[in-house]
Each structure stands twice: as C-alpha cells, then as structure tokens.
Amino acid sequence: MTGYIFFKHIHMTAAVASGAFFMLRGLWMMQESSLFNAKLVKVLPHVIDTILLVSAFILVGMMGSFPAFVQVKIVALFVYIAFGMMAFRFMKSWGARVFMFFMALLVFAFILSVAITKQPQGFLSAII
Ligand code: HEM
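Residues numbered from 1 in each chain as written. Predicted model: local features only at pLDDT ≥ 70, side-chain atom pairs only at ≥ 80, totals over all residues.

Trainee: So, the nonpolar core: which residues are in play, and what are the values?
Mentor: Core analysis: the biggest nonpolar cluster contains ten residues, these being Phe-22, Tyr-80, Phe-83, Ala-87, Met-100, Phe-101, Ala-104, Phe-108, Ile-111 and Val-114. Elements that contribute at least two residues to this core include exactly helix H3 (68-90) and helix H4 (94-117). It is H4 that contributes the most residues to this core, six residues altogether. Residues within four places of Phe-83 in sequence aside, it is in contact with Met-100, Met-103, Ala-104 and Val-107. Residues Ala-15, Ile-48, Leu-52 and Ala-56 belong to the second largest nonpolar core, which totals five residues. (Core = buried A, V, L, I, M, F, W, Y, C linked by C-beta atoms within 7 Å. Buried ≥ 20, exposed ≤ 12 C-beta atoms within 10 Å, placed from the backbone. Helix = DSSP H or I, 4+ residues; strand = E, 2+ residues; numbered from the N terminus. Contact = placed C-beta atoms within 7 Å.)

Here you go:
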C-alpha cells in the first residue's frame, strides 16, 4: 500500500467516524439525553476531527497540487463546523438547535459529494 493510499484510508475512516458521531450527538441533543453532555462525547469529536484534518493536509501535501474540489472542501468544512457549533453550543431553543443540526448534516453531505465526485460543485451539479 503506498503512503498516499494509507493516508487516504485514514482520512476516509475519520470522515465516516466524524459524520456518524455527529449524527449520534444530534440524536442525543434532540432527545435531551444526559449522554450529550458526557465528557467523552465532548472530547472524542476533537480527536476524530484532528485525525481527519491532519490526514487531509498530508494528502494535499502528497498531491503536490491544490485542486478546486479541495479548496471547496476546506471552505465547506468551516461552514459545517459553524453550523455544528450553533447547534451544539450557541443556540438555546430546541427548534433552532435542530434546524442548525440539519443544516450541518446537509453541508456534511455536500462535502462527501465533493470528495467522491472530485468536482467542486458536488451534488449541486444537479441544479447548477
Ligand atoms: C468533513 C470533512 C471531510 C470529509 C467528510 C471528507 C471525506 C473524504 C472522502 C470520503 C474521501 C475519499 C473520496 C474518494 O476517493 O472516493 C476524501 C478524499 C480526500 N480529501 Fe477529504 N474530507 C473532508 C475534509 C477534507 C479537507 C478539509 C481536505 C483538505 C484540506 C480534504 C482533502 C482530501 C483529499 C486531498 C482527498 C484525496 C483525493 C483523492 O486522491 O482521491 N478533505 N475525503
């Protein structure tokens, strides 16, 4: 296995773990479960997301280029993080938190579609 493929697998695994765990936290938030505030549940996403980002930057370094789809992924990642922070930290009402959570999920799905198609417009290619 080449180094690139190795880091790509780490990146993809971290991406799936990040999305799955985000959904789980969203469910716990909607149920107002005490698990949502558990220490491990607050720390683990930072560990997973650090692995996701470090592997991403290693891949970009190994690619030796900076294609448009990667640029879009970086910007969309900030949008995903912003919606996630609003859902889990800043919004106070249940309805606003749920809305921000689903917006974050939509952006996550967009990032996945950009990753898989390697096209900057991702699933938006169906409408633009
Ligand atoms: C939530 C954030 C992210 C998710 C869910 C995600 C997901 C993925 C997935 C699933 C792949 C594999 C695509 C395939 O080959 O089918 C991939 C590849 C890749 N990602 Fe990400 N990614 C994320 C963030 C980033 C960021 C921020 C960067 C850049 C700094 C990045 C750079 C790359 C690169 C360079 C590849 C390899 C492309 C290739 O050679 O095929 N990713 N990503």
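Trainee: Could you give an account of unusual backbone geometry, with specific residues and numbers?
Mentor: Non-glycine residue Glu-32 carries a positive phi angle of around 55°. Note that Glu-32 resides in the loop between helix H1 (3-30) and helix H2 (39-63). The exposure class assigned to Glu-32 is exposed, which follows from the 9 C-beta atoms found within 10 Å. Phi at Lys-118 takes a positive value of approximately 60°, unusual for a residue other than glycine. As for its placement among the helices and strands, Lys-118 is situated in the segment after H4.

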